[in-house]
Amino acid sequence: MNVYDSEQMERLLATMNYRPTSHQEKADLIIINTCSIRDKAEHKVYSHLGRLARLKLKKPNLVIGVGGCVAQQEGDRLLKRAPHVDIVFGTFSISRLPSLIRRVTHEKKQAVDVEPTGTVEPSHIKPTNFQEARATAFVTVMRGCDNFCTYCVVPYLRGRELSRRPERILEEIRHLVAKGVREVTLLGQNVNSYGLKNGHGLDFPALLEAVNDIEGLSRLRFTTSHPKDLSDKLIRAFGRLDKLAPHMHLPVQSGSDRILKRMNRGYTTGNYLARIEKLRKAQPNIAITSDIIVGFPGEGKTDFEETLNLVESVGFDNLYIFKYSNRKNTPAFRFSDKVQEAVKGERFARLLELQSKITLEKNRGLVGTVQEVLIEGLSKKGYDQVTGHTPCNKTVNLSDGGVCVGQLVPVSIAEAFSHSLLGAPSECCGKLPGEKGGILHAA
Ligand code: SAH
Ligand code: SF4
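Residues numbered from 1 in each chain as written. Chains lettered and ligands numbered in written order. Predicted model: local features only at pLDDT ≥ 70, side-chain atom pairs only at ≥ 80, totals over all residues. Heavy atoms only, no water.

(A) A look at the domain arrangement of the protein. Under the domain assignment used here, the protein contains domain 1 (2-113), domain 2 (136-364) and domain 3 (370-425). Between domain 2 and domain 3, the C-alpha centre-to-centre distance is 25 Å. Tallying the contact residues gives 18 residues for domain 2 and 17 residues for domain 3. Here domain 2 packs against domain 3, burying approximately 1300 Å² in sum over the two surfaces, 55% of which is carbon and sulfur. The tally of links between domain 2 and domain 3 comes to two salt bridges. One salt bridge connects Arg219 with Glu372, and the closest N-O pair in it is separated by 3.7 Å. Applying the counting criterion to the domain 2 and domain 3 interface returns seven residue pairs in polar contact (both at pLDDT 80 or more). (Domains from an automatic or database assignment. Contact = heavy atoms within 4.5 Å. Buried area = accessible area lost by both parts, 1.4 Å probe. Salt bridge = Lys/Arg side-chain N within 4 Å of Asp/Glu carboxyl O. Polar contact = N/O pair within 3.5 Å; in protein donor to acceptor, adjacent residues only side chain to side chain.)

Here's what the structure looks like:
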């Protein structure tokens, strides 16, 4: 979501003639878009701001802005802690960024805007200023959250759920496709409730269907779906929509019903497992990934064992594991039975070990198969390798072999690791790379 918001900021800044640079020392304006979901992310903001203080001493006209959830949470306090910051703007204030910048550059005043008001629609400026070729993009379809899980800051910092208008979303995706994007991921904290409150005429499965019809788009994904609201209609979409990638991220958070209740998640492990069964019936190849918090207040040995059992029995393709982080203003902040850091660390390591084994086993099962990979760019490993994802969202690295960003390439999988697969372009599935592939440059 922050990647998407940062792109909105970049578009607005382009209208003011700002251009991105990869050299921090050359920048006239630096914006940090922050996250405060866990305290580690929040600490990073302050250590980064510490480094920027030294840069500002050398370059007094440098304008520094802090946006996102830490800004929303801290407001004026952030200026007290980091007086070299010029702009603090919250999660509702992105569209007001240009006027905040002008206040600093013209009136030489610090600016704080954390008003919880603003449009759910991003700026109407077309996405034209991408600097590099890209095959995938995020598109936010709704903002905020109404769920109030007891550990989570999102509802307090991003407000109540608001859905964007379907026509604006479709228009945005058509523009992205015209620029060469082949895969979009629709984003929301709980996409299942898209359109239900503000009645724009489409619910989430209907929105998916409309996006599926966009010509030139090859793949469609979404995140996040809340298990309590995962409807049969959405599950059926996996069997019906040809572009909907067979991957579902369905955060379970814990394998203990007692802990799920304290988290206010609104489902039991029984409900969760029943949803998984239905998903696998509708789309037998579906990859399922999840989020788990270890060490939630009151989580005992037995609760954690139940989490291990659930992970083992579902056999997730991948898991994002987090140690519980105590967030101010959330109900769990006041729970007295906190789990010791050392215990959280042990549980984290045990769960990670179990999941790494499962992931590696699943990845090994793909060796010898041919997977369709959407080429996204150079791999991190070096210049002779490119990288992309399978429909099930597995990362695949392959030798360059003349393939281009945006191409769909059949790849024969030769080796499996716990975080990626290695392969080579294959002819054997008889499928030619997407016709619309080619080196894509920004207009
Ligand atoms: N809306 C999504 C999750 C968004 S936050 C959902 O409900 O599934 C992404 C993940 O961060 C959550 O799934 C949760 O596992 C983790 N998370 C959120 N708050 C946390 C906290 N206080 N401590 C540790 N992990 C947290
Ligand atoms: Fe946070 Fe729960 Fe909303 Fe997800 S559903 S954003 S975890 S409150």
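(B) View of the nonpolar core. Among the nonpolar cores identified, the biggest contains 63 residues, and Val184, Leu186, Phe204, Val211 and Phe222 are the most heavily contacted of them. Residues Ala27, Tyr46, Ile64 and Ala71 belong to the second largest nonpolar core, which totals 18 residues. (Core = buried A, V, L, I, M, F, W, Y, C linked by side-chain atoms within 4.5 Å. Buried < 20%, exposed > 50% of the residue type's maximum accessible area, 1.4 Å probe, protein only.)

(C) The site of ligand 1, seen in detail. If you check the shell around ligand 1, you find 15 residues, and the closest are Arg38, Gln189, Gln253, Asp291 and Ser325. At 2.8 Å, a side-chain N or O of Gln189 approaches a nitrogen atom of ligand 1. Here a nitrogen atom of ligand 1 sits 2.9 Å away from a polar atom, N or O, in the main chain of Ser325. When isolated, ligand 1 has an accessible area of 540 Å², and the protein chains bury 90% of it. Residues of the shell around ligand 1, tallied by class, amount to six nonpolar, four polar and five charged. (Near = heavy atom within 4 Å. Areas by Shrake-Rupley, 256 points an atom, 1.4 Å probe, with all protein chains shown as cover. Nonpolar A, V, L, I, M, F, W, Y, C, P; charged D, E, K, R; others polar.)

(D) Structural view of helix α11 (residues 269-282). With 14 residues, α11 extends 20 Å from end C-alpha to end C-alpha; this agrees with the ideal 20 Å at 1.5 Å per step. Buried within α11 we find Thr269, Tyr272, Arg275, Ile276 and Leu279. Looking straight down α11, one finds its buried side chains confined to an arc of 120°; they lie on one side. With respect to the buried face of α11, the exposed residues turned more than 90 degrees away are Glu277 and Lys281. (Helix = DSSP H or I, 4+ residues; strand = E, 2+ residues; numbered from the N terminus. Expected span 1.5 Å × (residues − 1). Arc of directions from axis to C-beta.)

(E) How the structure looks around the site of ligand 2. In the region of ligand 2, the neighbouring residues are Cys145, Asn147, Phe148, Cys149, Tyr151, Cys152, Val154, Pro155, Gln189, His226 and Arg265. Here the shell around ligand 2 is composed, by residue class, of seven nonpolar, three polar and one charged.

(F) Structural detail: the pattern of salt bridges. Counted under the stated rule, the structure contains 27 salt bridges. We note a salt bridge from Arg327 to Glu42, for which the minimum N-O separation is 2.4 Å. Residue Arg327 is located in the loop between β12 (318-323) and α13 (341-364), and its partner Glu42 is located in helix α2 (residues 39-58); the two are separated by 285 residues in the primary sequence. Across the pair, exposure class does not vary: Arg327 and Glu42 are buried alike.

(G) Looking closely at the packing of aromatic side chains. Applying the stated criterion to the full structure yields nine aromatic pairs. Plain terms: the ring middles of Tyr267 and Tyr272 are 6.2 Å apart, the flat faces sit at 35° to each other, and that makes the pair tilted. For Tyr267, a relative accessible area of 7% translates into the label buried. Here a set of aromatic residues connected by ring pairs shows up, and it is made of Tyr151, Phe296, Tyr324 and Phe335. In this arrangement the basic side chain of Arg81 is found over the ring face of Tyr46, its NZ or CZ atom lying 3.6 Å from the centre. Geometry around Phe335 places Arg262 over its ring, the cationic atom sitting 4.8 Å from the centre. (Phe/Tyr/Trp six-rings, centres within 6.5 Å; stacked < 30°, edge-to-face > 60°. Lys NZ or Arg CZ within 6 Å of the ring centre and 35° of its normal.)

(H) Focus on the confidence of the model for the protein. Mean pLDDT over the protein: 91, with 93% of residues reaching 70 or higher. Ignoring residues within four places in sequence, the model shows residues 428-443, a span with pLDDT below 50, making 27 contacts including any to other chains. (pLDDT = per-residue confidence, 0-100.)

(I) Representation of the sheet that holds β12. Read across the open sheet, the three strands follow the order β10-β11-β12; overall the sheet is parallel. The open sheet is flanked by β10 (247-249) and β12, the only strands paired with a single partner. Sheet twist, expressed as the mean angle between neighbouring strand axes with direction ignored, is 15°. Two strands pair when backbone bridges link them, and β10 and strand β11 (residues 287-294) are joined in this way by three bridges, in the parallel orientation. Considered in β11, the bridge of His249 is made with Thr289. Here α13 sits on the sheet in contact with β11 and β12, set at roughly 175° to β12. (Pairing = 2+ DSSP bridges. Axes fitted to C-alpha atoms, helices over the stretch in contact; angles between N-to-C directions.)

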